[in-house]
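# Summary of the model geometry
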Amino acid sequence: MQSGDLVFETDLDEAATVELLETALLREFGFEVATISRSADEMADIASSHPLTEPGIDDRLLHVAFLDRVPDQSLEDRVDATDYLPDRFHCDGREIYLAYPKGSG
């Protein structure tokens, strides 16, 4: 789990899953770890519908940032996307889709 990614099966809903994982991480390691959960179906939808995909851009330069909740619209409105060109982003619900045409390193 060093990467922060964990794949598992559960019958719990998202809130219960997050609570269970955060409690287990606190108990095991002694510190709080913010946890975000997505279902397999959500991950498949996210992977197949990246809005910044375009001809000529290497898929390895496309990323997704996962949020635990939909951000307040005022936060998105305060960001001037032109400040980050050629990097681009698109907010959609609890995901921020990112494109780094020159790499993210």
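A few points on the structure. All values reported here derive from a predicted model rather than from experimental measurement. (Residues numbered from 1 in each chain as written. Predicted model: local features only at pLDDT ≥ 70, side-chain atom pairs only at ≥ 80, totals over all residues. Heavy atoms only, no water.)

In this section: a nonpolar patch on the surface. A contiguous nonpolar patch, built from Ile36, Met43 and Phe66 and spanning about 230 Å² of accessible area, is present on the exposed surface. Structurally, Ile36 can be placed in the loop between helix H1 (14–29) and helix H2 (40–48). For Ile36, a relative accessible area of 39% gives the class partly exposed. (Patch = residues over 30% accessible without salt bridge, like charges linked within 9 Å, V, L, I, M, F, W, Y side chains within 5 Å. Areas by Shrake-Rupley, 256 points an atom, 1.4 Å probe, with all protein chains shown as cover. Salt bridge = Lys/Arg side-chain N within 4 Å of Asp/Glu carboxyl O. Helix = DSSP H or I, 4+ residues; strand = E, 2+ residues; numbered from the N terminus. Buried < 20%, exposed > 50% of the residue type's maximum accessible area, 1.4 Å probe, protein only.)

Attention shifts here to the nonpolar core. For soluble globular proteins, nonpolar side chains are generally found buried alongside one another. Membership of the largest hydrophobic core is limited to six residues, which are Ile46, Leu52, Ile57, Leu62, Tyr97 and Ala99. In contact with Ile46, other than residues within four places in its own chain, are Val64, Phe66, Glu95 and Tyr97. (Core = buried A, V, L, I, M, F, W, Y, C linked by side-chain atoms within 4.5 Å. Contact = heavy atoms within 4.5 Å.)

Counting buried residues in strand E3 (residues 95–99) gives four out of five residues, a clear majority hidden from the surface. The sheet contact formed by strand E1 (residues 62–66) and E3 spans five bridges and is antiparallel. Residue pairing in the sheet places Phe66 in a bridge with Glu95 of E3. As paired elements, strand E2 (residues 88–92) and E3 share five bridges and run antiparallel to each other. Opposite Arg88, over in E3, you have Ala99 as the bridge partner. Linking two consecutive strands that pair antiparallel, namely E2 and E3, is a turn of two residues; a positive phi of about 65° is found at Gly93 within it. (Pairing = 2+ DSSP bridges.)

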